[in-house]
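Descriptive structure summary
Take a look at the letters that make up each chain.
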Amino acid sequence: MILPLTVEAASFVAGGRTIIDRLTAEIVAGPSTIILGANGAGKSVLMRLMHGLLVPAAGTISWTGENAARRQAMVFQRPVLLRRTAIANVIYALKLAHVPSRERGPLALEALESVGLASLARRPARALSGGEQQRLALARAWALHPEVLFLDEPTASLDPTSTREIERVIQAFDAAGTKIIMATHNLGQARRLGDEVLFLHQGRLVERAPVEEFFLRPASPEAAAFIKGELPWV
Amino acid sequence: MDSLSQAASQALALVASGDATLGAIVLLSLEVSLAAVALATLLGLPLGAALAVGRFPGRRALVVLLNALMGLPPVVVGLIVYLMLSRAGPLGELGLLFTPRAMVVAQTILVLPIIAALCRQAVEDAWAEYEEQLRSLGASGVTAALTLVWDIRFSLVTAVLAGLGRASAEVGAVMIVGGNIDGVTRVMTTTIALETSKGDLPLALALGLILILLVIALNAAAAYVKDAAQRRYG
């Protein structure tokens, strides 16, 4: 197990602007973690720091076990798929993960089945619809059986039907024991999929609470203003 | 006007008759230019990809230099290769001057920057899109570069074709290092230049016609390949 993940006074600066400001948090196995915050609060950057795509300017980010990079996966807002068939995209990921070539085909097919894309396995990935492409990105992550799955606003550019399908797959990941760490703008989605909320404001961790408590009784004025802004009718 | 139409009809007759001299000249042109482009592709694609993905001191300067070299004047390349290969030159021992091989060398030098620079641009654009996803999947360095080049292979056809267009159309370099020797190093462009100055317009025009048709055919083929690939792979 590569969790808990310890973020210790981590900062990230880009173009002279502090994006993440001395942030400390421990992420443990189990509850699905939702990262909330306004645009520019640093949600995406924080996840990229955790995933190792960015290096903190100060502070540390440390996983527990060996070989942590190989045991996590990330799904981006806009899926990046290679110009090959759907199944070949999954097989490519398995190859990079050093899965023996005999096992790649069956594993890839199983992953496509789990997201409901088995019938489109031989279709060119880039010819799939936006929702299908995102499901394929999830299948690619699924095949790797990650211990931690990062999701950066995975449904931000999708219609409600596709969003529901994506959420079902995310719940399947959770049921299979994968730790979910997700940034989202969709507060309904946060409540449906999340167990705890990390609320960021201007690069700082302002509040951390169980989902229901966060929405009912936000402890910080920033979080209260954010919820009010996103759900003005509440 | 009359002499032009006369020359044109004679040129068409020459093409239709399948004149042996004409055929030999066309064949040598193709051999030289295709060999040069093949060599330049072999060297240029990895060079371009490495420049696109690599991060090392002096990279910016190298990119600027490479772009500048796209506009190398053929006569200057011819002159330099001539000096290298001439009997007193550092490579004079090889006895390559005034052979088709010397022409291949000169055209390779001429075309290499074009293919490398266009490949660099294409790979760099793709890298901006793919980088995070590929790094997340654990691909880096050579693996990532190869994946990129393969994924945009149909765009790279355009780069190779630009090189072929340059090689088959240039006259300065092959004239100087080949010497335009009848039956040995005489190619389409050098023949056109020579025959025009001698006043043998039908032969010059016939070669010009073939040259243009070849270029159009090549471009049409490339466009077809690209369209078909676009439909198939997205």
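Quantities reported herein were computed from a predicted structural model and do not represent experimental measurements. (Residues numbered from 1 in each chain as written. Chains lettered and ligands numbered in written order. Predicted model: local features only at pLDDT ≥ 70, side-chain atom pairs only at ≥ 80, totals over all residues.)

When helices and strands are tallied, chain A shows 8 helices and 9 strands. For a compact globule of 234 residues, the expected C-alpha radius of gyration is about 17 Å, and chain A comes in at 18 Å, within 12% of that figure. Each principal axis of the C-alpha distribution contributes one length, and for chain A these read about 55 × 40 × 35 Å. Expressed as a percentage of its 234 residues, the buried residues of chain A come to 43%. (Helix = DSSP H or I, 4+ residues; strand = E, 2+ residues; numbered from the N terminus. Rg over C-alpha atoms; globule rule 2.2 N^0.38 Å. Buried ≥ 20, exposed ≤ 12 C-beta atoms within 10 Å, placed from the backbone.)

This part covers the sheet that holds strand β1 (residues 5-14) of chain A. Residue and element names in this part refer to chain A. Across the sheet, 3 strands lie side by side as β2-β1-β4; this open sheet has antiparallel pairing. At either end of the open sheet lies a strand with only one pairing partner, and these are β2 (17-27) and β4 (58-62). Taken over all neighbouring pairs, the strand axes of this sheet differ in orientation by 25° on average, direction set aside. Here β1 runs beside β2; their pairing, made up of 7 bridges, is antiparallel. Considered in β2, the bridge of L5 is made with I27. (Pairing = 2+ DSSP bridges. Axes fitted to C-alpha atoms, helices over the stretch in contact; angles between N-to-C directions.)

Turning our eyes to something else, we now look at the sheet that holds strand β9 (residues 204-210) of chain A. Residues and elements named next belong to chain A. The mixed open sheet is built from 6 strands, whose spatial order is β5-β6-β7-β3-β8-β9. The open sheet terminates on both sides in strands that have one partner only, identified here as β5 (72-75) and β9. Pairwise comparison of adjacent strand axes, ignoring direction, gives a mean angle of 15° for this sheet. In this sheet, strand β7 (residues 179-183) lies alongside strand β3 (residues 33-36) in parallel orientation, the contact comprising 3 bridges. Each residue of the ladder has a partner; that of I34, found in β7, is M182.

A separate point is the interface of chain B and chain A. When the parts of a complex come together, some accessible area is lost, and that lost area is often taken as the interface size. Taken together, the contact between chain B and chain A spans 13 residues of the former and 18 residues of the latter. Secondary-structure elements contributing two or more residues to the side of chain B that touches chain A are α5 (100-137) and α10 (201-233) of chain B. For the side of chain B that touches chain A, the element with the most residues is α5 of chain B, which contributes 7 residues. Split into classes, the residues belonging to the side of chain B that touches chain A amount to 4 nonpolar, 4 polar and 5 charged. (Contact = placed C-beta atoms within 7 Å. Nonpolar A, V, L, I, M, F, W, Y, C, P; charged D, E, K, R; others polar.)

Residues and elements named next belong to chain B. For chain B, the mean per-residue pLDDT works out to 91, and 100% of the residues sit at or above 70. Of all the helices and strands in chain B, helix α1 (residues 2-17) carries the lowest mean pLDDT, 83, while helix α4 (residues 74-85) carries the highest, 96. Taken over the whole predicted complex, pTM reads 0.82, whereas the ipTM for its chain interfaces reads 0.90. (pLDDT = per-residue confidence, 0-100.)

Residues and elements named next belong to chain B. Relative orientation of the contacting elements α1 and α10 amounts to 65°, with a least axis distance of 8 Å. Read as a crossing pair, α1 and α10 show a hand that is right-handed. In this structure, α1 contributes A7, A8, Q10, A11, L14 and V15 to the contact, and α10 contributes L201, P202, L203, L205, A206, L209 and I210. (Left-handed = near helix turned anticlockwise from the far one by under 90°.)

So, on to helix α7 (residues 153-169) of chain B. All names here are of chain B. Taking 1.5 Å as the rise per residue, α7 with 17 residues should run 24 Å; its terminal C-alpha atoms sit 24 Å apart, in good agreement. Three or more residues of α7 are buried, namely L156, A159, V160, L161, G163, L164, R166, A167 and S168. For α7, the elements touching its buried residues are α2 (20-53), α5, α6 (141-151) and α10. (Expected span 1.5 Å × (residues − 1).)

Our next topic: the packing of helix α4 (residues 130-143) of chain A against helix α5 (residues 160-175) of chain A. Residue and element names in this part refer to chain A. Packing of α4 against α5 brings their axes to within 9 Å, and their N-to-C directions diverge by 10°. One way to sum up the angle between α4 and α5 is to call them roughly parallel. Contact residues: G130, G131, Q134, R135 and L138 in α4; S162, E165, I166 and V169 in α5. Of the residues assigned to the contact of α4 with α5, the class counts are 3 nonpolar, 4 polar and 2 charged. (Parallel < 35°, antiparallel > 145°, perpendicular 65-115°, else oblique.)

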